[in-house]
Amino acid sequence: FVTQRSGISKRYSESYVTKPLHIFSGYRPCGPFCGGCTAFISAGQNILIEGEDEDQPYVAKVLKLMGDESGQQKKALVRWFIRASEVPLSKRKLLGRDPHPQEIFYYKGRSCDDEVDAESIIRPVQVLHLDAAAPFPESCDEDTLFVKMSWDSKTFKAVTSDQVDSGSADSAPSHLKPSLPPSPPCSPPAAAPATQGPSCRVLPTPDPAVMRKASCRETWSSRSAMSAGKAGRMEAELLIIRLESIRNRLKPNSTLSPQATPSTPRTPHRATPSIPCRSLPARRPANILEEARIRLHVSAVPESLPCREAEFQDIYNFVESKIIDGTGGCMYISGVPGTGKTATVHEVMRCLQHAADVDEIPPFTFVEINGMKMTDPHQSYVQILQKLTGQKATPDHAAALLDKKFSSPTPRRETTVLLVDELDLLWTRKQNVMYNLFDWPTRRQARLVVLTIANTMDLPERIMINRVASRLGLTRMSFQPYTFKQLQQIITSRLDKLKALDQDALQLVSRKVAALSGDARRCLDICRRATEICEHAAADPSAPGLVGMSHVMEALNEMFSSAYTTAIRSASVQEQLFLRAVIAEFRRLGLEEATFQQVFVQHQALCRVEGLQPVSVSEGLSVCQRLGACRLLLLEPSRLGILQRVRLNVSQDDVLYALKAD
C-alpha cells in the first residue's frame, strides 16, 4: 500500500501486520534519496539512513522492523556504525592513520537512539569486515563499506567478524568477500642502508593478484585481444601501463647511478609546525620568592577555585541537567573583570568532562569562542563550525550550515556546550548573531547549551532588542567583586603554605584592590611585582626574606602611578569630569564605546552635581580633543562632530584610582 507524506510517495511492504508495535518482515524504501532503489529491506541487512550530510548518510544494521496499528508509523531497530567524519576532530588522531574513504567503525557508544523512522531509510549497503592488518581493496563499489575497528567515544579497538556480521556476503563480488585471507602481522621495518639517504621511504606491499597478472601480462594481453577485440586491447594496454608504473616504483634505490647527488628535500605542502624539545629540563626555582612568583602568575592554573563554590555548583547543575535530559538552554553570566567568571566555567567543564569519561553522564562536545579574538561578530559562525566539524567556510555559508545542523533531526547527536566570552563584542546593528546563538538552543533537535559571559549585569535590557532578550531567558548569574577577605584567601591558596608574604603586607594589598575594583588578577599582579622587588633588593639572593609593607607600597605606586595616572592627576577639572562622564556612560550602555553626544549629556549632569557651570558644546569638544591629544582617549575624525565615537585608552581602574587619589 502507499501513503502520502510531505508530497512524497512512500511504498511499504505487504508483509506489514496491523498490530501495535508488531514486528514485520520487510520494508521497501521509496524517497527522494533512494535513487530509484527497488531493494527490499529486511532484518539483518545493512542500510543507509538520511542524515545531516546528503553525501555521507548514516550507516546501520537492521535488527527489527516494527509498526503500529494505524499503519502511519513504522520504525526500525538498528545497530549503528559511524563514519570517520562523525568522530570528534580532536580524537581522530587516536586511530594512528588516515581513515579510508569507505571505512566505517562499529559504534559502541550509548548516546544514540536505536529506533529510527522507516521513512528515513535510503537503500541497503554492503558492509564487509576486514582484519586489522589487512589492506583495503583498491577497486570496489561505492556502495561497499569496510569495517576494521570499533569506536566507543573514547578509543578505537579491533573488532572481530563475529561482532560485525554483514549479512550480505553472498551478494558481494568475489574479490570483496569478507572471507579474505588475513594478512600476516606487520614486522618492524628494517634499518635503511646508508646509501639510500633520507629520501628512502617504505612502499606499500603489492597485491599478489596484481603481481600474478604482471608475470603473465603478455599472454593475458594477447588472449584478451583475440577474444574481446578492440575493447580488450585497450584494457590490456591500460593494465600494462599501470603494471609498468608499479614496477618502476618498486625498484630499489640501489640501482640508481652512484654519481647522482642527493637533492634538498622539499618542504611538505602542509607542514605541521612543531615546538623543539628541551635539551635540558626546566630550571627549578632557586628560592622561595621565585617559587611564589611562579604560583602568583595569572596564567598559572590553581588546584581549586576558592570563594566561588556556590556559583560553581549552580553552573554545574544547570549544564549537567541539560546534558542528561538531552535538551538545550541559555545562561547569562555577568560580573566585573577579574571575578572568576571564565575560570569557574572552565573548571565546571573540566569536572563534567571527567564525569563523561567515567560514564557518569553522556558524552558532550565543548566549544569556546571569545568576542575579543574576532575582528567581526560574524566570524563566530566560522569558528563554531570549524571546531564542531573541522570545515572552513565563509560566515554566511557557516551560518547556513549551523542552522541546518541544529534544525534537522538526527538519531545520533551529542549535546554541544558553547561558551561565548565577551558577549557584548558580538553586538551588531541588527543583532542577528546574538539572535541565532540564543535561538538555536530553543529548537528541539539542537541539544545546544549556551553559556554567555559579559561584564555588565543588565546588558540584555540595555542593548538587546526584545526578540533577542526573550530567547536569552531568565537564567542568569552575577559574580560579585571579591572582598578583601576573599582576596586574602585566594592569595593564600595560591601560595599553598609557602611563606613568602608578610600577613600585614598581604592584608594591605587585599584592602587596596578590594576598595578599588575587587579584581583578583590585579591583586595577583601586585603581589607578584612585590616579590620581584623584594628579591632584587635582597643582599643574599639565596635567602631574600619575606615580602614586607615597603615592597608592597612600591609595587602599588608602580602599578597605579604610571604616566597615564600622572596625566589624569594633572588634568583640569573639566577634563577630569569628562573622564568620569565617559566611565559613567560606558557603564550605562554596557559597552566600551560611546558617542560624544552621549558623553556630553553625562558631563552636563556631573557639572550640575559638582556645582559647576555647564560648558557649551564647542567647549566640550575642545576638552575632548585635548584628552585625545594626550592619548587618554581614542577619538574618531573630528569632522563627525558630536557623532564621533569615544573610547578609553587606559583601564577604568587606573582612571578611578587617579581621580580618587586626587
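Structure first, text after, so check above.
What counts and what doesn't
Residues numbered from 1 in each chain as written. Predicted model: local features only at pLDDT ≥ 70, side-chain atom pairs only at ≥ 80, totals over all residues. Heavy atoms only, no water. Helix = DSSP H or I, 4+ residues; strand = E, 2+ residues; numbered from the N terminus. Pairing = 2+ DSSP bridges. Contact = heavy atoms within 4.5 Å. Axes fitted to C-alpha atoms, helices over the stretch in contact; angles between N-to-C directions. 1 Å grid on protein atoms, 1.4 Å probe; cavity = no way out; pocket = protein on both sides within 12 Å on 5 of 7 lines; lining within 4 Å. Points joined across faces, edges and corners; volume = space filled by probe spheres on them. Nonpolar A, V, L, I, M, F, W, Y, C, P; charged D, E, K, R; others polar. Expected span 1.5 Å × (residues − 1). Polar contact = N/O pair within 3.5 Å; in protein donor to acceptor, adjacent residues only side chain to side chain. Buried < 20%, exposed > 50% of the residue type's maximum accessible area, 1.4 Å probe, protein only.

Participant: Would you take a moment to explain the environment of Lys 660 for this structure?
Facilitator: Here Lys 660 is to be found in helix H19 (residues 652-661). In this structure, the C-alpha to C-alpha distance between Lys 660 and Leu 516, residues 144 residues apart in sequence, is 9.2 Å.

Participant: Would you take a moment to explain the sheet that holds strand E20 (residues 594-595) for this structure?
Facilitator: Across a sheet, strands are paired by hydrogen bonds formed along the backbone, either parallel or antiparallel in direction. Read from one edge to the other, the open sheet built from three strands follows the order E20-E22-E21, with strand pairing classed as antiparallel. The two strands at the open ends of the sheet, each matched to only one other strand, are E20 and strand E21 (633-635). The sheet contact formed by E21 and strand E22 (residues 645-648) spans three bridges and is antiparallel. Its bridge partner being in E22, Leu 635 is matched across the sheet by Val 646. Packing of helix H18 (residues 617-629) onto the sheet brings it into contact with E21 and E22, and relative to E21 it is tilted by some 110°.

Participant: Sorry, what's going on with empty space enclosed by the protein here?
Facilitator: Think of a ball as big as a water molecule: rolled over the atoms, this probe shows where empty space is left. By the definition in use, this model includes one cavity of 30 Å³ or more. Lining the largest cavity are Ala 84, Val 87, Arg 92, Leu 95, Arg 97, Pro 99, Phe 105 and Phe 156. The residue makeup of the lining of the largest cavity, split by class, is six nonpolar, no polar and two charged.

Participant: Is there a simple way to think about helix H12 (residues 503-516) in this case?
Facilitator: Owing to its 3.6 residues per turn, the α-helix brings residues three or four apart onto one side. In this model, H12 (14 residues) spans 20 Å end to end at C-alpha, consistent with the 20 Å of a helix rising 1.5 Å per residue. Two or three places before Asp 504, at the start of H12, stands the capping residue Asp 502, its side-chain oxygen 3.2 Å from that residue's backbone nitrogen. Downstream of H12 by one or two residues, Gly 518 has phi in the positive range, about 75°.

Participant: Mind showing me how you'd approach the sheet that holds strand E15 (residues 329-335) here?
Facilitator: In spatial order, the strands read E16-E17-E18-E15-E19; together these five strands make up an open sheet with parallel pairing. Each edge of the sheet is formed by a strand with only one pairing partner; in this case those strands are strand E16 (364-370) and strand E19 (476-479). Averaged over neighbouring strand pairs, the angle between their axes works out to 15° when direction is ignored. Pairing analysis gives four bridges linking E15 to E19, with the strands arranged parallel. Looking at the pairing, Gly 335 lines up with Phe 479 of E19. The strands touched by helix H5 (residues 341-357) within the sheet are E15, E16, strand E17 (415-421), strand E18 (448-454) and E19, with E16 carrying the most contacts at an inclination of about 160°.

Participant: Explain the environment of Val 601 here, please?
Facilitator: Assignment of secondary structure puts Val 601 in helix H17 (residues 596-610). We classify Val 601 as exposed; its relative accessible area is 54%. Sequence separation between Val 601 and Ala 581 is 20 residues; the distance between their C-alpha atoms is 8.3 Å.

Participant: Honestly, unusual backbone geometry in this entry has me stumped. Any pointers?
Facilitator: Note on backbone geometry: most residues besides glycine have negative phi, and most peptide bonds are trans. The backbone of Cys 307 sits at a positive phi, close to 70°, despite the residue not being glycine. Among the secondary structure elements, Cys 307 is positioned in the loop between helix H3 (288-295) and helix H4 (309-325). On the accessibility criterion, Cys 307 (13% relative accessible area) is buried. In this structure, Arg 447 is a non-glycine residue whose phi angle is positive, near 55°. Its place among the elements puts Arg 447 in the loop between helix H8 (432-439) and E18.

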